[in-house]
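Notes for the structure review
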Amino acid sequence: MSSSDYRHLIDEASFAFVHHKLIYDDKGKAVDYHILDVNRAFSELTGLKKKDIVNKLATEVFVRTGFLERDYFSLFEEVAYTGIKKVHELHSRELKRWLRVEVQSAEKGYLATFIFDITKEKLIAQTSQYFLQQKMGEPDYERLVETLAEITGAKSVILNIIEPNEKELTVVAATGSKKEFDATSKALGFDVRKRKWLHDLKQFDSSPGKRILRLGGISDLHGVNLSQKQVDRLQKAVKTGEIAVARITKDDRLQGHFTIIMPENEQLRNETLVDIFTRQVGLILDRNRTEEELRQQSNLQEILMKIASNYINVPLGRMEETIRDSLEELAAFAKADRVYIFEYDWDRQFCRNTHEWCAEGVSPQIEQMQRVPFELLMPLIEVHKKGQPMDIPDVSSIPDGEYLRDHLMTQDIKSLIALPMMKGGKCIGFVGFDSVRDYYDYTDGEKALLRLYAEMLVNMRKRVELESQLIVEKDKAQAANKTKSEFLANMSHELRTPLNGIIGFTDLLEATPMNNIQKMYLENVSISANALMGIINDILDFSRIEAGRMELHPTRTDVIKLVEQTMAIMKYQAVKKGLRIFYEIQTDFPRFADVDPVRLKQVLMNLLNNAVKFTEEGEVELTVGFESINGRIGKLFFHVRDTGIGITEEQRKKLFQAFSQVDSSISRRFGGTGLGLIISSQLVEQMGGKMGMESTFGVGSTFFFWIPAPYETVEPNVGDESENIATGGKKNL
């Protein structure tokens, strides 16, 4: 990754970034730091312009932001000394923000600080905690609208509650400028803060799955029982941005709306947080209906808030553990015996189980659920495509003969719910809850909260992808620099020798008449050029693999013919050295398989070439085998055996390392880049297989690998003279 690309990635990041260098006093204690760089998000967060910050001392510019309210110098000094990342939360009184600060040090004395604004998440958690601690009774509606205004940045928020007759909406709280409310009241002829509306908002209520309706502006308000004349007067009196209506529901029953009015030329943001907040408000408004239900759901909500906080703060290295813990916690309150997460692979048309928790005595299913074809779970997939959960209170109610029924009953499942994980309108997987011991019918409130957990998983995945991308790009940059250094150190001799050969023999050829000597020189030129081309090709392949740019192109391939052609190419080198070379193909080896023929041939050529190169007398043998996996996909095995010099245990440690050979004497004697085996090994891994070796020093070596591939068998035609059909016998060349 180039420095410009990395710079662009940091500049466009949603989190704030500061690069700084510590300043020490005479006793070696950190007393200040120089600000070397900040990104755009930092300036937006603090209001400090980059030109006024960079190359200045922290004590000169950060005091008024509240960043220096604690002893940061000792913390920065510890990170710079140990190299261990530190993470903490703080509240800036000056910025009126909650922040999560991550401090890292890649070079001693230099620090990189990442700052994430978690104010809205904190605000939701604090508001939820506040209402949960209140006694049963009418909630503090004013606090609700004030909190939502702070979350969204709205200029006004109005809370409308549905009356018990379910025919009227009443404004119970509003926040915003008194001047604008007065102007609104004058334009409409009534005070919207003391208004009962007829509840005929069908455009808001007709689609339960659409929780937030975005209006273009005041011109769209005629849908709330305002005349066009009133709307026109209001448009002249008040300037607004986007207007949104956020539904408040409980068990999919509409309880009211938040009307969110944004400042002029601004649109509603933080829609996910608004959704979370309105779901919580739905619980608050309905808390008096069923105290026991509220207690249960509050506990579940508390777990979700804890999980959400964990997902925000947990390091990537502990993410898998955190997900498993969250599954166990949710299972206790959802009365589930098995909880799991599946990912959908729409390109390859299968899904796989990535995480699972099972109660004691309940059999795990994760190993059997790794490549489940879509056609086996089609009813589930069709529901998830629409963004809807699959809720089956009684598995036995599924009609006899349907695969889904048989599939679930073989796992002893009595009831289940599977909630889709939606990303950008596309289902990327689902989280499921199985009831094995007893039947269980989830309430609408429980479904809503479990659906929220599915949304948390999607957001967590986004965070993992972003942070992983940063880590990967950083590692790639470091790896590229290391590879370049190794290349310059180890390859200079190998590059100079062929080039000197080309130049030297070309000069001699130019000064000599065309005779036998001239022909000999010309042959040496060709040998040197070919050697150089081999080295360059190895380096290019290795560079592509290291950069992640090596692409495979599987196609229907006659594998037996490919083996025969490869052996025919190697015959010349083997015969020239006086070696016997032959191959044997297993009798049931399929003729056709979906592989990348170019890369498979490259791996075989490399192994066979090494076998011939390191064998002075004796033989080289290629054995080709096959093992079916499921009747459609099988493993293709390849073994290359030689009677060459062999490899010691100590030498094996260097065998698959880039730019290395087992010892320097071999490098001088046989040449080469030392890249062949590592390239072959990584190509095999990219194909989904694995490479290994066995060797006895002084006796010989066997290199082997296998790759998975879809295959098909073809019966030979009568009279077919082709040797492409395996006979099971050894074939000498």
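The structure we're discussing is the one just above.
A brief look at the structure comes next. Keep in mind it's a predicted model, so treat the numbers as computed, not measured.

So, the packing of helix α7 (residues 178-188) against helix α9 (residues 228-237)
The angle between the axes and the distance between the axes are what describe a pair of packed helices. Interhelical geometry of α7 versus α9 gives an angle of 150 degrees and a closest axis separation of 8 Å. Judged by the inter-axis angle, α7 sits roughly antiparallel to α9. Note that α7 runs across α9; the crossing there is right-handed. Between α7 and α9, the contacting residues are Ala183, Thr184, Ala187 and Leu188 on the first element and Gln230, Arg233, Leu234 and Ala237 on the second. Broken down by class, the residue content of the contact of α7 with α9 amounts to five nonpolar, two polar and one charged.

Here we look at helix α6 (residues 141-152)
Given a rise of 1.5 Å per residue, twelve residues ought to cover 16 Å, and the 17 Å separating the end C-alpha atoms of α6 matches this to within 8%. The complete set of buried residues in α6 reads Tyr141, Leu144, Val145, Thr147, Leu148, Ala149, Ile151 and Thr152. Phi turns positive, to about 75 degrees, at glycine 153, one or two residues after α6.

Concerning the environment of glutamate 320
With respect to the secondary-structure elements, glutamate 320 resides in helix α12 (residues 319-334). Here glutamate 320 falls in the partly exposed class, since its relative accessible area comes to 42%. Taking the C-alpha atoms as reference, glutamate 320 lies 9.8 Å from threonine 354; in sequence the two are 34 residues apart.

Here we look at the packing of aromatic side chains
Going through the model one piece at a time under the given rule, you end up with 14 aromatic pairs. Between tyrosine 340 and phenylalanine 342 the ring centres are 5.7 Å apart and the planes differ by 85 degrees, which places this aromatic pair in the edge-to-face class. Across the pair, exposure class does not vary: tyrosine 340 and phenylalanine 342 are buried alike. On the basis of an interplanar angle of 50 degrees and a centroid distance of 5.7 Å, the ring pair of tyrosine 344 and phenylalanine 430 is categorised as tilted. You can see tyrosine 344 sitting in strand β12 (residues 338-345) and its partner phenylalanine 430 sitting in strand β17 (residues 426-435), a full 86 residues away along the chain. One exposure class covers both tyrosine 344 and phenylalanine 430, and it is buried. Cluster of aromatic residues (ring-pair linked, three or more members): Tyr340, Phe342, Tyr344, Trp346, Phe374 and Phe430. Lying across the ring of phenylalanine 116, arginine 100 places its NZ or CZ 4.4 Å from the centre. In this arrangement the basic side chain of arginine 556 is found over the ring face of phenylalanine 592, its NZ or CZ atom lying 3.9 Å from the centre.

So, the sheet that holds β12
Spatial strand order, β14-β13-β12-β17-β16-β15: six strands in an open sheet with antiparallel pairing. Bordering the open sheet on either side are β14 (372-373) and β15 (390-392), each of which pairs with just one other strand. Note that strand β13 (residues 350-358) and β14 share two bridges and pair antiparallel. Paired with phenylalanine 350 across the bridge in β14 is proline 373. Against the sheet, α12 touches β12, β13 and β17, its axis set at about 70 degrees to β13. Against the sheet, helix α13 (residues 378-385) touches β12, β15, β16 (415-423) and β17, its axis set at about 45 degrees to β16.

Quick look at unusual backbone geometry
We note that asparagine 55 has phi near 70 degrees; this positive angle belongs to a residue other than glycine. Among the secondary structure elements, asparagine 55 is positioned in the loop between α2 (40-46) and α3 (58-61). Judged by relative accessible area, which is 60%, asparagine 55 ranks as exposed. Of note in this structure, aspartate 412 is not a glycine but carries a positive phi near 60 degrees. Looking at the element boundaries, aspartate 412 is found in the loop between α14 (403-409) and β16.

A short note on the side chain of glutamate 102
Relative to the helices and strands, glutamate 102 resides in strand β4 (residues 97-107). With a relative accessible area of 6%, glutamate 102 lands in the buried category. Side-chain polar atoms of glutamate 102 contact the side chain of arginine 100, separated by 2.3 Å. Each residue touching glutamate 102, except ones within four places of it in the same chain, is listed here: Lys85, Lys86, Val87, Ala112, Thr113, Phe114 and Phe116.

Considering the packing of α6 against helix α10 (residues 271-285)
Packing of α6 against α10 leaves a shortest axis separation of 10 Å and a crossing angle of 170 degrees. Classed by the angle they form, the pair α6 and α10 counts as roughly antiparallel. Note on element contacts: α10 touches α6 through Leu273, Val274, Phe277, Val281, Ile284 and Leu285, opposite Tyr141, Leu144, Thr147, Leu148, Ile151 and Thr152. Split into classes, the residues belonging to the contact of α6 with α10 amount to ten nonpolar, two polar and no charged.

Considering the nonpolar core
Ranked by internal contacts, the top residues of the largest apolar core, which has 46 residues, are Leu600, Leu622, Leu636, Phe638 and Phe705. Setting aside residues no more than four positions away along its own chain, phenylalanine 638 makes contact with Val559, Val563, Leu600, Leu604, Thr623, Val624, Phe703, Phe704 and Phe705.

Remarks on the pairing of β4
Summarising the sheet, strand β3 (residues 86-92) and β4 pair through seven bridges and their orientation is antiparallel. Within β4, the position partnered with serine 92 by the bridge is arginine 97. Bridging between β4 and strand β5 (residues 110-117) involves seven bridges; their strand directions are antiparallel. Counted as the bridge partner of arginine 100 is phenylalanine 116 from β5.

What to know about the pattern of salt bridges
When their charged atoms lie close together, side chains carrying opposite charge are able to pair. Counted under the stated rule, the structure contains 20 salt bridges. Of the charged contacts in the structure, one is a salt bridge between glutamate 78 and lysine 86, with a shortest N-O distance of 3.2 Å. Judged by relative accessible area, which is 38%, glutamate 78 ranks as partly exposed. Among the ionic pairs, glutamate 180 bridges to lysine 155, the shortest N-O distance being 2.8 Å. Here glutamate 180 is found in helix α7, whereas its partner lysine 155 is found in the loop between α6 and β6 (156-162), with 25 residues between them in sequence. Within this structure, Arg580, Glu619, Glu621 and Arg641 form a network of salt bridges that share partners.

Criteria and cut-off values
Residues numbered from 1 in each chain as written. Predicted model: local features only at pLDDT ≥ 70, side-chain atom pairs only at ≥ 80, totals over all residues. Heavy atoms only, no water. Axes fitted to C-alpha atoms, helices over the stretch in contact; angles between N-to-C directions. Helix = DSSP H or I, 4+ residues; strand = E, 2+ residues; numbered from the N terminus. Parallel < 35°, antiparallel > 145°, perpendicular 65-115°, else oblique. Left-handed = near helix turned anticlockwise from the far one by under 90°. Contact = heavy atoms within 4.5 Å. Nonpolar A, V, L, I, M, F, W, Y, C, P; charged D, E, K, R; others polar. Expected span 1.5 Å × (residues − 1). Buried < 20%, exposed > 50% of the residue type's maximum accessible area, 1.4 Å probe, protein only. Phe/Tyr/Trp six-rings, centres within 6.5 Å; stacked < 30°, edge-to-face > 60°. Lys NZ or Arg CZ within 6 Å of the ring centre and 35° of its normal. Pairing = 2+ DSSP bridges. Polar contact = N/O pair within 3.5 Å; in protein donor to acceptor, adjacent residues only side chain to side chain. Core = buried A, V, L, I, M, F, W, Y, C linked by side-chain atoms within 4.5 Å. Salt bridge = Lys/Arg side-chain N within 4 Å of Asp/Glu carboxyl O.

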